[in-house]
Amino acid sequence: MIRRSLLACVALSAIAMAVQAQDTYPSKPIKFVVGYSPGGSNDILARIVAKRLGDSLGQPVVVENRPSTGAIVGAVVTKQAPPDGYTLMIGASGPLVINAATYANLPYSPQKDFIPISTIATFPLIVSVKADSPFKSMPDLVKYTKENPQLSNYASSASTFQLATELLKERTGIQSQHVPYKGSGDSMKSVAGGETTFSMLDPGPAAGAINGKLVRGLAVSSDVRNPSFPDIPTLKEQGIDLSIQFWIGLFAPAGTPAPIVKLLEREVAKAVQHPETLKSMAQLGLTPASSTSEAFTRQIAQEIPTWTEVARKNNIKADQ
């Protein structure tokens, strides 16, 4: 009886401490883990949101970059962190959805090791070709590749873009071979220099090349035109029944208390609507988007099987 009473006291004490910690959260600096190098869209967005949340919560929010292939290291670091709300991850579709579709042996489970707190932004992909190419529209590109399959290739620097392009090929009949590059900047240079026929990349690396007249944007993959590129029509406007939207969101280690998750969910919703955040996102070609933790969790659960099937059909494996 005494032992049971002691165990009960210990349990109640632990619960009381957890409740107290939640009531005082945050009482120290918060860390955002970013699985990408400084200067990219994910990193820039992380710093923007970190500033907003820091101001709102009254504690500094610092960004820690852990770049690696597939952003895997950042995910593992977050998975292993204490689930107390002080180590969070700025995660994208790549490590949380595409990796699940393309890696046979991930050192983390996207659906078991993290709590999706909220989306932060969404973004389409942009189909780009060399600025002085004869392709003025998607039908032009499709027609050329069908007639000259041996001369057509596409550039990509990640499984995310490769899967998206293979889905585009499936929907349009495009005939084109994949050419891998180490980074999105290299992919853009290959298109601008005529080494590859086209690419399908996120707005960040494409923006400079498009604005500099080095490449021509033929289409955006979203349902509506992107405000940052109003002159580039959607795929659907050009008769292609395909819509692709990827996202960037905030994640916590599994086991993080629900009150902390809900507090952060509310704070993200406020942060993404801040005028400075909206201005910065527009410059990156991103669309602000917040969600509930529950809705974000359901979204990821729906997306993983979809992209897993695309990877299976095209035999795309990241760890082969």
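Residues numbered from 1 in each chain as written. Predicted model: local features only at pLDDT ≥ 70, side-chain atom pairs only at ≥ 80, totals over all residues. Heavy atoms only, no water.

### Some words on the overall build of the protein chain
Each helix and strand counted, the protein chain has 11 helices and 11 strands in total. For the protein chain, the C-alpha radius of gyration of 22 Å lies close to 20 Å, the compact-globule estimate for 320 residues. The dimensions of the protein chain, computed from C-alpha atoms along their principal axes, are 85 × 40 × 30 Å. Here the protein chain, with 320 residues, has 52% of them falling under the buried criterion. Expressed as a percentage of contacts within the protein chain between residues at least 6 apart in sequence, the contacts between residues at least 24 apart total 77%. Split by element, the accessible area of the protein chain, about 14600 Å² in all, is 55% carbon and sulfur. Side-chain charges of the protein chain comprise 30 positive and 25 negative groups, with the mean position of each set lying 3 Å from the other. (Helix = DSSP H or I, 4+ residues; strand = E, 2+ residues; numbered from the N terminus. Rg over C-alpha atoms; globule rule 2.2 N^0.38 Å. Buried < 20%, exposed > 50% of the residue type's maximum accessible area, 1.4 Å probe, protein only. Contact = heavy atoms within 4.5 Å. Areas by Shrake-Rupley, 256 points an atom, 1.4 Å probe, with all protein chains shown as cover. Lys, Arg positive; Asp, Glu negative; His and termini not counted. Charge placed at Lys NZ, Arg CZ, Asp CG, Glu CD.)

### A look at the packing of aromatic side chains
Using the criterion set out here, one finds nine aromatic pairs in the structure. Where Phe123 meets Phe246, the ring centres are 6.2 Å apart and the plane angle is 45 degrees; that geometry is what we call tilted. Remark: Phe246 occurs in strand β10 (residues 246-253) and Phe123 occurs in strand β4 (residues 114-123); sequence separation between them is 123 residues. The residues Phe123 and Phe246 share a single accessibility class, namely buried. Centre to centre, the rings of Phe246 and Trp307 are 5.6 Å apart; their planes meet at 35 degrees, and the pair counts as tilted. (Phe/Tyr/Trp six-rings, centres within 6.5 Å; stacked < 30°, edge-to-face > 60°.)

### Comments concerning helix α3 (residues 72-80)
Given 3.6 residues to a turn, an α-helix orients residues that are three or four positions apart in the same direction. All of the buried residues in α3 are Ile72, Gly74, Ala75, Val76, Val77 and Thr78. In this structure, the buried residues of α3 make contact with β1 (30-34), β2 (61-65), β3 (87-92), α4 (93-102), β4 and β10.

### Quick notes on the pattern of salt bridges
On inspection of all chains with the given rule, the structure shows 16 salt bridges. Arg52 is the salt-bridge partner of Asp55, the closest N and O atoms lying 3.5 Å from each other. Separated by three residues within a single helix, Asp55 and Arg52 lie in helix α2 (residues 41-57), roughly one turn from each other. The class for Asp55 is partly exposed, based on a relative accessible area of 48%. Among the salt bridges present, the one from Lys130 reaches Asp132, with a minimum N-O distance of 3.9 Å. Owing to a relative accessible area of 59%, Asp132 belongs among the exposed residues under this scheme. A single salt-bridge network, built from bridges that share partners, covers Lys31, Glu64 and Arg66. (Salt bridge = Lys/Arg side-chain N within 4 Å of Asp/Glu carboxyl O.)

### Concerning unusual backbone geometry
Residue Pro26 follows Tyr25 across a cis peptide bond; omega there is -5 degrees. Locating Pro26 in the fold gives a position in the loop between α1 (2-24) and β1. Within the chain, Ala71 stands out as a residue other than glycine whose phi angle is a positive 55 degrees. Mapping Ala71 onto the fold places it in the loop between β2 and α3. Located in the positive-phi region is Lys213, a residue other than glycine, with phi close to 65 degrees. Mapped onto the elements, Lys213 comes out in the loop between α8 (203-211) and β9 (215-220).

### Brief notes about the confidence of the model for the protein chain
In this model, the protein chain carries a mean pLDDT of 92, and residues with pLDDT of at least 70 account for 93%. Note that pLDDT drops below 50 for residues 9-19; the model gives that stretch zero contacts with residues more than four away or on any other chain. (pLDDT = per-residue confidence, 0-100.)

### Focus on the packing of α4 against helix α6 (residues 159-172)
Running from N to C, α4 and α6 cross one another at 65 degrees; their axes reach a closest spacing of 10 Å. Between α4 and α6, the angle falls in the class roughly perpendicular. Taken as a pair, α4 and α6 cross one another with a handedness that is left-handed. Here Gly94, Ile98 and Thr102 of α4 lie close against α6, whose contacting residues are Ser159, Thr160 and Leu163. Split by residue class, the contact of α4 with α6 holds two nonpolar, four polar and no charged. (Axes fitted to C-alpha atoms, helices over the stretch in contact; angles between N-to-C directions. Parallel < 35°, antiparallel > 145°, perpendicular 65-115°, else oblique. Left-handed = near helix turned anticlockwise from the far one by under 90°. Nonpolar A, V, L, I, M, F, W, Y, C, P; charged D, E, K, R; others polar.)

### Regarding the sheet that holds β1
Strand order in the open sheet made by the six strands is β2-β1-β3-β10-β4-β11, with mixed pairing throughout. Strand pairing shows two members of the sheet lacking a second neighbour, β2 and β11 (287-288), which therefore form its edges. Sheet topology places β4 next to β10; eight bridges connect them, and they run antiparallel. Residue Phe123 lies in a different strand from β10, and its bridge partner there is Phe246. Packing against the sheet, helix α9 (residues 258-271) makes contact with β3, β4 and β10, and its axis sits at approximately 10 degrees to β4. (Pairing = 2+ DSSP bridges.)

### As for the pairing of β10
By the criterion of burial, β10 is predominantly enclosed, with eight of the eight residues buried. The alternating pattern of β10 places Phe246, Ile248, Leu250 and Ala252 and Trp247, Gly249, Phe251 and Pro253 on opposite faces, both of which are buried. Here β3 pairs with β10 via four bridges, running antiparallel. Its bridge partner lying in β10, Ala92 is registered against Ile248.

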